[in-house]
Amino acid sequence: MPSTFTTNKSIEKPANGDFVNTWDVPVNGDFDIIDASLGGTTTLNATGASGTVTLSATQYRPPTVIVTGVLTAAVTYRIPNGVGGQWVVFNNTSGAFSITFDSGGGGTSVVIPQGQKVLIY
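Predicted, not measured: the structure shown is a model, and the values here were computed from it.

Draft legend 1. Quick peek at a nonpolar patch on the surface. A cluster of nonpolar side chains, contributed by Phe31, Ile34 and Leu38, occupies part of the molecular surface with about 340 Å² of accessible area. As for its position among the elements, Ile34 is in helix 1 (residues 24-39).

Draft legend 2. Here's a closer look at the nonpolar core. Grouped together as the largest cluster of nonpolar side chains are 18 residues, with contacts concentrated most on Val67, Tyr77, Val89, Ile99 and Phe101. Taken together, the elements giving at least two residues each to this core come down to strand 5 (64-70), strand 6 (75-79), strand 7 (87-94) and strand 8 (99-103). Element by element, the count of residues in this core is highest for strand 6, at 3 residues. With residues near it in sequence (within four places) discarded, Tyr77 still touches Leu44, Asn45, Ala46, Val53, Leu55, Val67, Ile99, Thr100, Phe101 and Asp102.

Draft legend 3. Looking closely at the side chain of Asp30. You can see Asp30 is positioned in helix 1. At 7.5 Å, Arg61 is the nearest oppositely charged side chain to Asp30, a buried residue that forms no salt bridge.

Draft legend 4. Geometry of the pattern of salt bridges. Tallied over the entire structure, the rule returns 1 salt bridge. The salt bridge partner of Arg78 is Asp102, with a shortest N-O separation of 2.9 Å. Remark: Asp102 occurs in strand 8 and Arg78 occurs in strand 6; sequence separation between them is 24 residues.

Draft legend 5. Layout of the environment of Ser109. Topologically, Ser109 is positioned in the loop between strand 8 and strand 9 (110-112). Contact partners of Ser109, with chain neighbours within four places excluded, come to Thr100, Phe101 and Asp102.

Draft legend 6. Seen up close, the pairing of strand 8. Across the 5 residues of strand 8, 4 count as buried, placing the element largely inside the fold. By the bridge criterion, 5 bridges tie strand 6 to strand 8 in an arrangement that is parallel. Note on strand 8: the bridge partner recorded for Tyr77 is Phe101. The pairing of strand 8 with strand 9 spans 3 bridges and is antiparallel. Pairing of Thr100 across the sheet is with Val111, part of strand 9. Counted between consecutive antiparallel strands, the loop separating strand 8 from strand 9 contains 6 residues, among which Gly106 sits at a positive phi close to 90°.

Draft legend 7. Expanded view of helix 1. If you check helix 1, its first and last C-alpha atoms are 22 Å apart, about what 16 residues at 1.5 Å a residue would give, namely 22 Å. Buried residues along helix 1 sit in contact with strand 2 (12-13).

Draft legend 8. Molecular detail of the sheet that holds strand 3 (residues 41-45). Spatially, 4 strands are ordered 3-5-7-10 in an open sheet, and the strand pairing comes out mixed. Bordering the open sheet on either side are strand 3 and strand 10 (117-120), each of which pairs with just one other strand. The average undirected angle you get between the axes of adjacent strands in this sheet is 20°. With 7 bridges connecting them, strand 5 and strand 7 associate as parallel partners. The residue of strand 7 that forms the bridge with Val65 is Val89.

Analysis parameters
- Residues numbered from 1 in each chain as written.
- Predicted model: local features only at pLDDT ≥ 70, side-chain atom pairs only at ≥ 80, totals over all residues.
- Heavy atoms only, no water.
- Patch = residues over 30% accessible without salt bridge, like charges linked within 9 Å, V, L, I, M, F, W, Y side chains within 5 Å.
- Areas by Shrake-Rupley, 256 points an atom, 1.4 Å probe, with all protein chains shown as cover.
- Salt bridge = Lys/Arg side-chain N within 4 Å of Asp/Glu carboxyl O.
- Helix = DSSP H or I, 4+ residues; strand = E, 2+ residues; numbered from the N terminus.
- Core = buried A, V, L, I, M, F, W, Y, C linked by side-chain atoms within 4.5 Å.
- Buried < 20%, exposed > 50% of the residue type's maximum accessible area, 1.4 Å probe, protein only.
- Contact = heavy atoms within 4.5 Å.
- Lys, Arg positive; Asp, Glu negative; His and termini not counted.
- Pairing = 2+ DSSP bridges.
- Expected span 1.5 Å × (residues − 1).
- Axes fitted to C-alpha atoms, helices over the stretch in contact; angles between N-to-C directions.

Written as structure tokens, this is what we have:
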């Protein structure tokens, strides 16, 4: 039986009997994910981005997201459908456009003003 993964942080849950004598592979990887989820930072460079950008698990795991770069168009960063959590997002961009965070599942979107930090949950 193959491994499964948790919904919010994509932590591996090995199936019974998997990784015999190599359990350290998924366990060490899982602890790295947990560590990043508790205190990591993701930096997104918005230069050249436009439209909607769906974040990968590696990008949305950390609780702090810093968006940098020069905006040449409006950008919406999307948390995938079904993923929950909370993030502090810092819009450290320049340029005459905006960044927005939303959820692939719908609901409220948040426009983050340049130079501001916003708590999203």
